[in-house]
Amino acid sequence: MRRARTIVTFLGRIEGLPIALVLVALYIVFILTAPRVFLGYRIYMSFLQTVPPVLVCALGLTFVITAGEIDLSFPAIVAASGFVFAWMFKTFDAPWAIWIGFVLALAVGALIGYINGWLIAKIGVPSIMATLAAQFFWYGVTILLAGGLQLDISGIRGSIPHSLFVGRLFDVVPVQALWGLALAAFLWFILNRHAFGEAILFIGDNPEVARVMGVNVEATRIKLFTMNGVIAAFAGLLLTMEINVFFPTQGQGFLLPALASVFIGGTSIAGGQGTIVGTFFGAYIIGSLEAGVVASRISGYWVQLVQGVVMAAVVILNIVIGEGRVARLSDRIRHWIMPARLSSAAELPRTDAQR
Amino acid sequence: MTENLAEQYALRMVNIEKYFGRVCALRNISLEVGRNEIVGLIGDNGAGKSTVVKILSGVFPPTSGELYVAGRKVDFNAYSVKRAHEYGIETVYQDKSLGEKQVLWRNFFIGRQVTNQLGFIDVRKEREIANEIMLNMIGFRGRGITVDSKVSKLSGGERQGIAIGRAMYFEAELIVLDEPTVALSLKEVGKVLNFVRQIKAGGKACIYISHNIQDVYEIADRFIILDRGEVVGNLLKGDITREDLDTFLLDYAHGLQDKEEA
């Protein structure tokens, strides 16, 4: 009994494990409801192709939310970065223009993020307002510059950057999935093992504590939003290159799925605590739901409803099995099963006091 | 900073003034703290105690005036919390010294992590040192609390102990305690006072800020009394009994009330 509890507690400590299990459970359900689709590898390859841009946005957003802030402007950055890249290629139509366009797109993301950070850290504009304004403004600028038209860049197919970022490994696996995975791993180390990540954790926990302990809160916030701008621009590049076309509304559908990925992953909206692993699996859950529901031959009108139910269920699951709750829950269940047992009755108050 | 050994004061403030916009928070504050002295800083809410603390610990600069740390004049343009730490001034704030959702080992090193050149934290080393501080400096042996516990699991006295242990580890010359016993049970207050005695025994200086005259009288060598941004009393413990100190403070409060009514 005791050993079982230790195992449960240990498993509860593995970052993102519950959400990973939810993803597995979801795929099992889809295998049962739509075996023809979900027993083949194609559907998974298709997820690896479509999820990464949203995933990348959600990874950056995890940092922002951990710091107790919010960024609503990343969809505009996805559009602006795609435009800069496509425009460079269209205008100069040369291999070097792809690389320059790539770097310029990231720079534009950094600039927009820096301006966000500056408004928030130096002027004191609440991040929700600053980035909401930025979303409208930069989306507006992009539409204006693009003249509302899309840019076809199918000419980049076969170029080195194209195969490097959105090619197919062994002609099957979309490379952008590996970039998403690599970025997640890198950002995990930044958040959990780097002084910058620790500053983010403490600022999200309590900015005053961070300040009196010598963290430069303003500079860290500016760096945070700048970094998020670059990450969103990278997402825009992956998207634009994958579909070989820039269209002005690209990224506009990313806002809610990316936010949902972060929250169902288990990052707390209160700040001070965030999980990159959770966001990673969260993004794949969000990205798999629609296809799964449709393939299960339920009417397409059900998609949103099912998404809502899954999101709510996962968030509730996160709260129920949060810090230390696993042990309490198993105590509680034992208490329900054999309430007369002295041992379980004695254990209840002890675990409560440990909290 | 090279130390001036002839200097008898750990810290000296000369004519410090602080305005927030047009509101005067501190006026002509001059005070000093000896190298191995515990100074009780007493004053009502809004007397300016926290403002004094924030200036000397580098959170913000004063509007005018001078600050000397171990005899060296502080350049406020280059002064910061980090610099104050380098000068050996550590501050323990009543409720904002620790990140509540963070594990203890992170709390020991926030703001001055053990990192490699790329800024990545040496977690193993930090946990090792944190464990060492907890066992040997503040004696947290066997209470179910480890370096991986979150601060939210600790009692109020334990939190003060962690913050004081952190200050001692980083070899503070002057430890500032801002209301360390607020909202603590008597037993926890006793623990905190013992931590403060260890500061004195270690030959270091301390500024102890409190509302509670009983605590301050028990622990301090000297009392500095602030009222509405000014120093109104500077008394050695030997020169005043606790009853007289009480009377002094009460009279002051009443005297000011009379002035207001007039």
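Residues numbered from 1 in each chain as written. Chains lettered and ligands numbered in written order. Predicted model: local features only at pLDDT ≥ 70, side-chain atom pairs only at ≥ 80, totals over all residues.

Before going further, it helps to spend a moment on the overall build of chain A. Across its full length, chain A holds 17 helices and four strands. Here chain A holds 355 residues, and 44% of them are scored as buried. Across chain A, the fraction of contacts at a sequence separation of at least 24, relative to all contacts at a separation of at least 6, is 75%. (Helix = DSSP H or I, 4+ residues; strand = E, 2+ residues; numbered from the N terminus. Buried ≥ 20, exposed ≤ 12 C-beta atoms within 10 Å, placed from the backbone. Contact = placed C-beta atoms within 7 Å.)

Turning our eyes to something else, we now look at the packing of helix H4 (residues 42–66) of chain A against helix H12 (residues 217–243) of chain A. Residues and elements named next belong to chain A. Orientation of H4 relative to H12, taken along the N-to-C sense of each, is 175°, at an axis distance of 9 Å. The orientation of H4 with respect to H12, classified from their angle, is roughly antiparallel. Contacts between H4 and H12 involve Gln49, Pro52, Pro53, Val56, Cys57, Leu59, Gly60, Phe63 and Val64 on the former and, on the latter, Leu224, Met227, Asn228, Ile231, Ala232, Phe234, Ala235, Leu238, Leu239 and Glu242. Partitioning the contact of H4 with H12 into residue classes produces 15 nonpolar, three polar and one charged. (Axes fitted to C-alpha atoms, helices over the stretch in contact; angles between N-to-C directions. Parallel < 35°, antiparallel > 145°, perpendicular 65-115°, else oblique. Nonpolar A, V, L, I, M, F, W, Y, C, P; charged D, E, K, R; others polar.)

What follows concerns the interface of chain A and chain B. Taken together, the contact pairs 20 residues of chain A with 25 residues of chain B. Counting residues per element, the ones that place at least two in the side of chain A that touches chain B are helix H10 (195–205) and helix H11 (207–212) of chain A. Sort the elements by how many residues they give to the side of chain A that touches chain B and H10 of chain A lands first, with six residues. The residue inventory of the side of chain A that touches chain B, partitioned by class, reads eight nonpolar, six polar and six charged.

Further remarks concern helix H13 (residues 255–265) of chain A. Residue and element names in this part refer to chain A. The buried fraction of H13 is high, at 10 of 11 residues. Structurally, H13 contributes buried residues whose contacts are with helix H2 (17–33), H4, helix H5 (74–92), helix H14 (276–295) and helix H15 (303–320). Immediately downstream of H13, the backbone of Gly266 shows phi near 110°, a positive value.

Ranked by internal contacts, the top residues of the largest apolar core, which has 168 residues, are Cys57 of chain A together with Leu174, Ile175, Cys206 and Tyr208 of chain B. Among the elements that take part in this core, H12 of chain A stands out by supplying 14 residues, more than any other. Once residues lying within four places of it in the same chain are set aside, the contact partners of Cys57 of chain A are Phe74, Ala232, Ala235, Phe254 and Ala258 of chain A. (Core = buried A, V, L, I, M, F, W, Y, C linked by C-beta atoms within 7 Å.)

All names here are of chain B. Within strand S8 (residues 205–210), six of the six residues are buried, which leaves it mostly tucked inside the rest of the structure. Along S8, one buried face is formed by Ala205, Ile207 and Ile209 and the opposite face, lined by Cys206, Tyr208 and Ser210, is buried too. For strand S3 (residues 38–43) and S8, the ladder comprises five bridges, and the chain directions are parallel. Note on S8: the bridge partner recorded for Leu41 is Ile209. Of the pairings in the sheet, the one linking strand S7 (residues 174–178) to S8 comprises five bridges and is parallel in character. (Pairing = 2+ DSSP bridges.)

Another aspect to go through is the pairing of strand S10 (residues 230–236) of chain B. Residue and element names in this part refer to chain B. As paired strands, strand S9 (residues 222–227) and S10 are joined by six bridges and run antiparallel to one another. Note that in S10 the partner of Phe223 across the bridge is Leu235. The antiparallel hairpin formed by S9 and S10 contains two residues in its connecting segment, where Arg228 sits at a positive phi of about 45°.

Residue and element names in this part refer to chain A. Taking 1.5 Å as the rise per residue, helix H7 (residues 127–146) with 20 residues should run 28 Å; its terminal C-alpha atoms sit 28 Å apart, in good agreement. Buried residues belonging to H7 abut H5 and helix H6 (95–123). One or two steps after H7, the chain reaches Gly147, where phi turns positive at roughly 60°. (Expected span 1.5 Å × (residues − 1).)

Time to look at the packing of helix H5 (residues 156–169) of chain B against helix H6 (residues 186–201) of chain B. Residue and element names in this part refer to chain B. Running from N to C, H5 and H6 cross one another at 10°; their axes reach a closest spacing of 8 Å. The orientation of H5 relative to H6 falls into the category roughly parallel. Residue-level contacts link Gly156, Gly157, Gln160, Gly161 and Ile164 of H5 to Glu188, Lys191, Val192 and Phe195 of H6. Among the residues making up the contact of H5 with H6, the classes are represented as three nonpolar, four polar and two charged.

This next bit is on the sheet that holds strand S1 (residues 9–20) of chain B. Residues and elements named next belong to chain B. One open sheet holds the four strands; their spatial order is S2-S1-S4-S5, and the pairing between them is antiparallel. The strands lining the two open edges of the sheet, one partner per strand, are strand S2 (23–34) and strand S5 (72–73). One ladder, built from five bridges, connects S1 with strand S4 (residues 64–69); its direction is antiparallel. When the bridges of S4 are listed, Leu11 appears paired with Val69. Together, S1, S2 and S4 form the strand contacts of helix H1 (residues 49–56), whose direction differs from that of S1 by roughly 115°.

Once that is clear, we can look at the confidence of the model for chain B. Across chain B, the average pLDDT comes to 81, with 91% of residues at 70 or higher. The ipTM value of the predicted complex is 0.74, and its pTM value is 0.80. (pLDDT = per-residue confidence, 0-100.)

What follows deals with unusual backbone geometry. Its identity is not glycine, yet Phe170 of chain A carries a phi of approximately 50°, on the positive side. Summarising the element assignment, Phe170 of chain A is placed in the loop between strand S2 (168–169) and strand S3 (173–174). Despite not being glycine, Asn28 of chain B has its phi angle at roughly 50°, a positive value. Inspection of the secondary structure puts Asn28 of chain B in strand S2. Here Asn28 of chain B falls in the partly exposed class, since 13 other C-beta atoms lie within 10 Å of it.

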